[in-house]
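Residues per chain are reported as follows:
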Amino acid sequence: MPDESSSVLSGLVVLDLTENRGLYAGKMLADLGADVIKIEKPVGSEARRIGPYKDDIPGPENSLYFINFNTNKRGITLNMEGPEGRDIFKQLVKRTDILVEDSEVGVMQSLGLDYPSLQELNPSLIMAAVTGFGQTGPYNTFKAPDIVSFAMGGLMNVNGPGDAAPVVAPCEQSHYSASIVSVFGIMAALLLRSTTGEGQLVDASAHEITATLTGGIMPYSNTSQIARRNGSQFGAVPGRIFPCKDGYVHILTIRPNHWVGFLEVVKMASPDISLIIGEEWYDAGFRNRNVDIIDALVTEFTMAHNKMEITEMCQAKDVPCTPVNTTADFAADPHIKERDFFIQIEHPVIGQHTYLRPPYRLSKTPCSINRPAPLLGQHNRDVYCDELGYSSDELSKLKAGGII
Amino acid sequence: MKLAAQGIRILDLTDAVSGPFATMMLASIGAEVIRVESRRHLGFRGGPGGPGGSGSIPQGPDGIDFSKVDMSLLVSPNFTRYNLDKLSVALNLTKPEGRDLFNKLIQVSDVVVDNLSFGVLQKWGLDYQALEKIKEDIIVVTMPSLGKGLYEQWTTWGMNLLSFTGFAYNWGHPETPVEERAASNTYGDYIAGMKTASTILAALYHRGKTGEGQYIEISQTEATASLLGVSFLDYFVNNRVTSPKGNRHSQFAPYNCYRCKGDDRWCVIAVFNQDEWQRFCSVLGSPDWAKEPEFHSMETRLKNVGMLDKNIETWTQLRTPNQVMKILQAAGIAAGAVQNSEDLYFDLQLRARGHMLELDTGPHGTITFDGPPLHLSSGQKTGSDGAPILGEHNDYVYKQLLGLSPEEIERLTENQVIF
């Protein structure tokens, strides 16, 4: 194992049984320095069968989806459907700090591996269950792929054009949210454990965290108004994405000083635009009622300039404005490059590829990417022989018996 | 019950959404979070638009006289929802004496978090290098929009960063013009907040083991861009620039959002294999269209997905979102209502899990807030004491923590240091 002594969670051992909505939890813990062991079925994780794939050729070592979520983890195979596999799993649990799983409610119990059973083996075990609807409540056994959690959490209804269907966010965001909030729970449990010595079960629900991030309950409770979606429009007008000469910019005038600054920009940059501006234009309510007129004038201004020009002019007057980027634009951005947000790693099948640096920048315990995503069963020997003490012969037998 | 972060004191210099949400999460597990704030800069206390923005503070011809604003009125519901269970101390950091007091507070604190404009703390001599000298193991956390670098001075709100990172570009239907894509939410703010809260706890864990504090920077831009990891890999490995996929899935059909009975009512349905498809058809009453060869296999359904979805919608349009969900889930098929904010308020699942937090907010009456975003079996607060009035805990901070005399407090108040 490479030296990880300088990372913030180094020394912690994590077992990662996740297949989808919990994948990013293990990823975060690995990026923060924990030794995360990804456990897959002998045929490989379901995540290996999700695209996109390198060169669009499906294959267990080609899935960029799998690679995204499992880089920095070690990987072993284990068949937990039989008693022998479960016995090995229990041996692993005894030397583990944290277990993350995302199976349907009741599955771990049916395997005899629910929290009370595992806690008997290891009282300090912290277990995070990342589910669609949580462990309790009337919907707890409902099926919940990302789109269901996102819809039920309310974030879907308020996103999309005003005259079209609601639209789900890219890249399975309810899974990310559920994973991220489960890591908060794990960290809290870890802090508590350092004084009590006891572990606990962390119950994270993709539906519940999405509802929190939608933030719709308080406004409804307060005003009885149902929030509607409206494309990119936010706050006072102008407050949306506008087309410009070479692409798009996102301009906001939420606070009064934003509008004042924006007016200066327009007057300076496009003196030809006829802005007959009365006092009432400084009132956000007036601007919102005249959204079509104002957005048309703003578009006239933006169409005469490039996105970085507009951004720099607005920023000089403290007006919130950025270019609207594609992934390629973002990857080429000089600020992002200057910060080394993209790094190179070497994967045995994919080859050298670019990857995202973890966003947690800690001065004394920096994050690092120590290894590419594991090949199927890549660390079986390390874990089973070197760490659990199985002999090479025993390992071969486990393999032949379909246990690993 | 012992709370997970009991005994941890956090000085909170954040405003808006991401910072306050991060520290509120820490307060929910027992950290003592002290908002260090001043009448000079009311931020979200004056409504989301700030002073003058929402009309909540009367503005005279010479602007706002902050010494006359009634602070008890400045606990708006929108401020409350990001600042539950925190304390508040009035402290004017633009005055040198205010900064002296802040340094004294540092000596008895564990963590400082800010999302002020870039360079403000440095200008005040309160950056990590300075604070570390006052308390060696302090954890100093900054939550900039873009972080140190070329654009460090940019003013942005979270929605801008959805656009900057590529998130907004990819959030829409395939036919949605770029101007109409989804960039009107605070999702990125919350994500940055949650990631920061976890990282602070990790740093506290490390400090517990080694005695070492540190400086942490989490830029909202990078925290948000990480959520598009798969799209970035697709770009770097396959040179593909992704565009919005909408609600459909490239590997499964049906998988979409469908119109239901009622005005702007929708549901989602996802079918992953042949078994589920068979059950789906029989729940729909085995309609004739479903027997056509175009829909027999996943492959053919994907190929004829437009027609497939149109047929399914003839069934969903006769039912409410909740009916679709209940009928299909009972048959073991993934389906859900596209809940609006009213549905969320009445959500049986959220209510059964104790998610709703009903608070008497005084001037605004009783309002329901989002409660715990996840459930710990121990170490988490139940219920809430609400959000603080600005300066509500001045006595606790100045008398109890810093041991100032009443005369000294009076003098500092007169000089607008405690302000």
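### Here we look at the nonpolar core
If you look at the biggest cluster of nonpolar residues, it comprises 237 residues, and the most contacted ones within it are Leu-29 and Ala-188 of chain A together with Leu-26 and Cys-267 of chain B. With 13 residues, helix H7 (residues 173-196) of chain A is the largest single contributor of residues to this core. In this structure, Ala-188 of chain A is in contact with Ala-4, Ala-5, Ile-29, Leu-201, Leu-376 and Gly-379 of chain B, ignoring residues within four places of it in sequence. By size, the runner-up hydrophobic cluster in this structure holds 10 residues, among which are Ala-211, Ile-217 and Tyr-220 of chain A together with Leu-350 of chain B.

### A short note on the environment of Gly-379 of chain B
Note that Gly-379 of chain B resides in the loop between strand E12 (375-376) and helix H16 (394-401). Overall, Gly-379 of chain B belongs to the buried group, with 24 C-beta atoms counted inside 10 Å. In this structure the C-alpha to C-alpha distance between Gly-379 of chain B and Ile-29 of chain B, which are 350 residues apart in sequence, comes to 6.0 Å. Discounting chain neighbours no more than four positions away, the residues touching Gly-379 of chain B are Ala-188, Ala-189 and Leu-192 of chain A together with Lys-2, Leu-3, Ala-4 and Ile-29 of chain B.

### Concerning the interface of chain B and chain A
Counting residues at the interface gives 124 residues for chain B and 126 residues for chain A. With 15 residues, the top contributor of residues to the side of chain B that touches chain A is helix H7 (residues 187-210) of chain B. Residues of the side of chain B that touches chain A, tallied by class, amount to 62 nonpolar, 48 polar and 14 charged. Inspection of the sheet shows strand E6 (residues 201-205) of chain A paired to E12 of chain B by two bridges, in the antiparallel sense. Note on E12 of chain B: the bridge partner recorded for Asp-203 of chain A is His-375 of chain B.

### Concerning the pairing of strand E3 (residues 74-77) of chain A
A regular strand carries its side chains on alternate faces of the sheet. Residues and elements named next belong to chain A. A two-sided burial pattern is seen for E3, the buried positions comprising Arg-74 and Ile-76 on one face and Gly-75 and Thr-77 on the other. For strand E2 (residues 35-40) and E3, the ladder comprises four bridges, and the chain directions are parallel. Note that in E3 the partner of Ile-39 across the bridge is Ile-76. For the handedness criterion, the β-α-β arrangement of E2, helix H2 (residues 64-70) and E3 is classed as right-handed.

### Overview of the sheet that holds strand E7 (residues 239-244) of chain A
Residue and element names in this part refer to chain A. Strand order in the open sheet formed by three strands is E7-E8-E9, and the pairing between neighbours is antiparallel. Two strands in the sheet have a free side with no partner beyond their single neighbour: E7 and strand E9 (321-323). With direction set aside, neighbouring strand axes in the sheet form an average angle of 20°. Across the sheet, helix H12 (residues 291-302) touches E7 and strand E8 (247-252), and the angle it forms with E7 is around 40°.

### Some points on the pairing of E8 of chain A
Residue and element names in this part refer to chain A. Of all six residues in E8, five are buried; the element is thus mostly enclosed. Relative to E8, E7 runs antiparallel, the two being bridged by six bridges. Within E8, the position partnered with Phe-242 by the bridge is Val-249. The antiparallel hairpin formed by E7 and E8 contains two residues in its connecting segment.

### Here's the deal with the packing of H7 of chain A against helix H8 (residues 206-214) of chain A
The geometry of a pair of packed helices is captured by two quantities: the angle between their axes and the separation between those axes. Residue and element names in this part refer to chain A. Look at H7 against H8: their axes get within 8 Å of each other, and the N-to-C directions meet at 95°. Judged by the inter-axis angle, H7 sits roughly perpendicular to H8. Residues Ser-174, His-175, Ser-177, Ala-178 and Val-181 of H7 lie in contact with H8, whose contacting residues are Ala-206, Ile-209, Thr-210 and Leu-213. Per-class residue counts for the contact of H7 with H8 are five nonpolar, four polar and no charged.

### Comments concerning the sheet that holds strand E7 (residues 255-259) of chain B
Residue and element names in this part refer to chain B. Spatially, the three strands line up as an open sheet ordered E7-E8-E9, and their pairing is antiparallel. The sheet is open, and its two edges are formed by E7 and strand E9 (334-337), each paired on a single side. Ignoring strand direction, the axes of neighbouring strands in this sheet form an average angle of 20°. Two strands pair when backbone bridges link them, and strand E8 (residues 266-270) and E9 are joined in this way by four bridges, in the antiparallel orientation. Looking at E9, one finds that Ile-269 is bridged to Ala-335. Its contacts with the sheet put helix H12 (residues 305-316) on E7 and E8, and the angle it makes with E7 is roughly 45°. Along the sheet face, helix H13 (residues 321-330) touches E8 and E9 and points at about 160° away from the line of E9.

### Digging into unusual backbone geometry
Of note, the amide linkage connecting Gly-51 of chain A to Pro-52 of chain A takes the cis form, showing an omega dihedral of 0°. Summarising the element assignment, Pro-52 of chain A is placed in the loop between E2 and H2. Note the cis peptide between Val-237 of chain A and Pro-238 of chain A, where omega equals -5°. Note on placement: Pro-238 of chain A falls in the loop between helix H9 (217-223) and E7. The phi dihedral of Asp-55 of chain A falls on the positive side, at around 55°, and the residue is not glycine. For Asp-55 of chain A, the location among the structural elements is in the loop between E2 and H2. Given 10 C-beta atoms within 10 Å, Asp-55 of chain A falls into the exposed group. One non-glycine residue, Asp-85 of chain B, lies in the positive phi region at around 60°. The residue Asp-85 of chain B is located in the loop between helix H2 (77-80) and strand E3 (87-90) in this model.

Definitions and limits used
Residues numbered from 1 in each chain as written. Chains lettered and ligands numbered in written order. Predicted model: local features only at pLDDT ≥ 70, side-chain atom pairs only at ≥ 80, totals over all residues. Core = buried A, V, L, I, M, F, W, Y, C linked by C-beta atoms within 7 Å. Buried ≥ 20, exposed ≤ 12 C-beta atoms within 10 Å, placed from the backbone. Helix = DSSP H or I, 4+ residues; strand = E, 2+ residues; numbered from the N terminus. Contact = placed C-beta atoms within 7 Å. Nonpolar A, V, L, I, M, F, W, Y, C, P; charged D, E, K, R; others polar. Pairing = 2+ DSSP bridges. Right-handed = clockwise from strand over helix to strand, strands pointing away. Axes fitted to C-alpha atoms, helices over the stretch in contact; angles between N-to-C directions. Parallel < 35°, antiparallel > 145°, perpendicular 65-115°, else oblique.

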